[in-house]
Amino acid sequence: RVQDALRRIERDEVCRLAVELDSIDSPTGQEMAVGEFVLDWLSREGFAPRKLALDDHGPFNVMGILPGTGRGRSLLFNSHLDTILAREDTWLDPGAVNPIHHSSWRDGDRVYGMGIVNDKGPMACWMAACKAIKDSGVRLPGDLVPVDRLVQWVNPSCLPGDEPRVEKLGAAPGKIPTKALRGLI
């Protein structure tokens, strides 16, 4: 049954999905468009997604669930939605305007672009794996939980104004606020 799931993963589909994800520019703080794309994809594919946010108007994490049998541990895949650099971040990196930071392309069996390696390529891989597991009919012992989160890290000393949000979620400074996931999986 595992082999049946693996056979359902198509290289072309993974590459297409990676390029499609990376075509949505999402520097840190501007992840909502790619978050909506992932939310729609998870919904279309039957993963009962939901937004995890502190309010209805701000940024959000995305989480889906494919229920398992209830007899084992859940399998969680996760990636971050942001790709760090905005075009205007030339103060941080003089090359921030370079298209390699804001687009990707495929050449044969290879896909290129900074967003592909940080983190939309791995995201496309696990999204395809989740879809293959679901489509194969395999029921895992625990739930299958795809999660996309806003940022790679949260460091309140670097993000003025974020201190109340991080504190409200119960995270220590410099840690990813994951407390919001407790009780959901």
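Residues numbered from 1 in each chain as written. Predicted model: local features only at pLDDT ≥ 70, side-chain atom pairs only at ≥ 80, totals over all residues. Heavy atoms only, no water.

### Digging into the nonpolar core
If you look at the biggest cluster of nonpolar residues, it comprises 27 residues, and the most contacted ones within it are L17, L21, V38, F47, M123 and M127. No other element matches the 8 residues that helix α4 (residues 114-136) contributes to this core. With near-sequence residues (within four places) excluded, L21 lies in contact with V34, F37, V38, K120, M123, A124 and M127. Of all hydrophobic cores here, the second largest spans 5 residues; its members include L52, M63, I65 and V147. (Core = buried A, V, L, I, M, F, W, Y, C linked by side-chain atoms within 4.5 Å. Buried < 20%, exposed > 50% of the residue type's maximum accessible area, 1.4 Å probe, protein only. Helix = DSSP H or I, 4+ residues; strand = E, 2+ residues; numbered from the N terminus. Contact = heavy atoms within 4.5 Å.)

### Let's talk about the sheet that holds strand β2 (residues 61-63)
Pairing within the open sheet is mixed, and its 4 strands lie in the order β1-β2-β6-β3. If you trace the sheet from one side to the other, it starts and ends with β1 (50-52) and β3 (75-80), each paired once. When the angles between neighbouring strand axes are averaged without regard to direction, this sheet yields 20°. Where β2 and strand β6 (residues 144-149) come together, 2 bridges link them in antiparallel fashion. From the neighbouring strand, V62 faces β6, where its bridge partner is D148. Packed on one face of the sheet, α4 meets β3 and β6 and runs near 150° to β3. (Pairing = 2+ DSSP bridges. Axes fitted to C-alpha atoms, helices over the stretch in contact; angles between N-to-C directions.)

### A closer look at the packing of aromatic side chains
Under the definition given, this model contains 3 aromatic pairs. For the ring pair W105 and Y112, a centre distance of 5.9 Å and an interplane angle of 20° mean the geometry is stacked. Of the residues examined, W105 reaches a relative accessible area of 38% and is grouped as partly exposed. Lying over the aromatic face of F60, K51 brings its terminal NZ or CZ to 4.5 Å of the ring centre. (Phe/Tyr/Trp six-rings, centres within 6.5 Å; stacked < 30°, edge-to-face > 60°. Lys NZ or Arg CZ within 6 Å of the ring centre and 35° of its normal.)

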